[in-house]
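Below, each chain spelled out in residue letters.
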Amino acid sequence: IGIDDALHFLLTFKRLSTEQKQQDMNTTLLETMQITGKAIFATSITLILGYSVFFFSSFRPINHFGLLNILTIILATLATIIAIPLAILIFKPTVQMKVKP
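The sections below set out a description of the structure shown in this document. Computed from a predicted structure; not experimentally measured.

## Let's talk about the overall build of the chain
Along the chain, the regular secondary structure elements total three helices and zero strands. When the helices and strands of the chain are listed from N to C terminus, the series reads α-α-α. On C-alpha atoms alone, the chain measures out to a radius of gyration of 17 Å, which is more than a quarter above the 13 Å that the 2.2 N^0.38 rule sets for 101 residues. Burial analysis of the chain (101 residues in total) assigns 27% to the buried set. Of the roughly 7,100 Å² that the chain leaves accessible, carbon and sulfur atoms contribute 71%. For the chain, the separation between the mean place of its 8 positive charges and that of its 5 negative charges on side chains is 5 Å.

As structure tokens, then:
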């Protein structure tokens, strides 16, 4: 899910960057967050709630499996929401449009 969220964020950022050349990177990042943020959070909350069922298992490995999955989803969501925008702001990548023949 972390890769899916990251790709969703980056592809939306790239699309907005190429469509609106006059905007600065901060505005584009804010628009990207507004568009993709709801979907990323909805997916993460749904998965966290789904894996929380494993907490009720009396079998310890299943219980730990649920906890590890929940922690992984939380970290992947935070990385997408915090680390990717920070990396974009720090490294300032250039977005190029593909020219179709």
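On we go from here.
## Re unusual backbone geometry
Positioned with a positive phi, Lys92 is a non-glycine residue whose angle comes to about 45°. Along the chain, Lys92 falls in the segment after helix H3 (60–91).

## Some details on the side chain of Thr12
Take Thr12: it is sitting in helix H1 (residues 2–19). Other than its neighbours up to four places away in sequence, Thr12 contacts Thr32, Ile35 and Thr36.

## Points about helix H2 (residues 25–51)
Its 27 residues give H2 an end-to-end C-alpha distance of 36 Å, which sits within 8% of 39 Å, the value for a rise of 1.5 Å per residue. The axis of H2 is deflected most strongly, by about 45°, at Thr36. Within the span of H2, buried status applies to Thr28, Leu29, Thr32, Thr36, Gly37, Ile40 and Ser44. Where H2 is buried, its residues touch H1 and H3.

## Concerning H3
An α-helical turn contains 3.6 residues, so any two residues separated by three or four positions project in the same direction. Taking 1.5 Å per residue as the helical rise, H3 with its 32 residues ought to reach 46 Å, and the 44 Å between its terminal C-alpha atoms agrees with that figure. Every buried residue of H3 is accounted for by Asn63, Gly66, Asn69, Ile70, Ile73, Ala76, Thr77, Thr80, Ile81, Ile84, Pro85 and Ile88. Those residues of H3 that are buried lie in contact with H1 and H2. Positive phi shows up at Lys92, right after H3, with a value of about 45°.

## Things to note about the packing of H2 against H3
Contact geometry of H2 with H3 gives a least axis separation of 11 Å together with a crossing angle of 180°. Here H3 runs roughly antiparallel to H2, going by the angle between their axes. For the pair H2 and H3, contact is made by Met25, Asn26, Leu29, Met33, Ile40, Phe41, Ser44, Leu47, Ile48 and Tyr51 and by Phe65, Gly66, Asn69, Ile70, Ile73, Ile74, Thr77, Thr80, Ile81, Pro85, Ile88 and Leu89, respectively. Of the residues in the contact of H2 with H3, the class split is 16 nonpolar, six polar and no charged.

## Remarks on the packing of aromatic side chains
Going through the model one piece at a time under the given rule, you end up with three aromatic pairs. On the numbers, 5.5 Å between centres and 75° between planes, the contact of Phe54 with Phe65 is edge-to-face. In this pair, Phe54 sits in the loop between H2 and H3 while Phe65 sits in helix H3, placing the two residues 11 residues apart along the sequence. An aromatic cluster is defined as three or more aromatic residues linked by ring pairs; in this entry it consists of Tyr51, Phe54 and Phe65.

Conventions used here
Residues numbered from 1 in each chain as written. Predicted model: local features only at pLDDT ≥ 70, side-chain atom pairs only at ≥ 80, totals over all residues. Heavy atoms only, no water. Helix = DSSP H or I, 4+ residues; strand = E, 2+ residues; numbered from the N terminus. Rg over C-alpha atoms; globule rule 2.2 N^0.38 Å. Buried < 20%, exposed > 50% of the residue type's maximum accessible area, 1.4 Å probe, protein only. Areas by Shrake-Rupley, 256 points an atom, 1.4 Å probe, with all protein chains shown as cover. Lys, Arg positive; Asp, Glu negative; His and termini not counted. Charge placed at Lys NZ, Arg CZ, Asp CG, Glu CD. Contact = heavy atoms within 4.5 Å. Expected span 1.5 Å × (residues − 1). Bend = angle between axes of the 7 residues up to and from the residue. Axes fitted to C-alpha atoms, helices over the stretch in contact; angles between N-to-C directions. Parallel < 35°, antiparallel > 145°, perpendicular 65-115°, else oblique. Nonpolar A, V, L, I, M, F, W, Y, C, P; charged D, E, K, R; others polar. Phe/Tyr/Trp six-rings, centres within 6.5 Å; stacked < 30°, edge-to-face > 60°.

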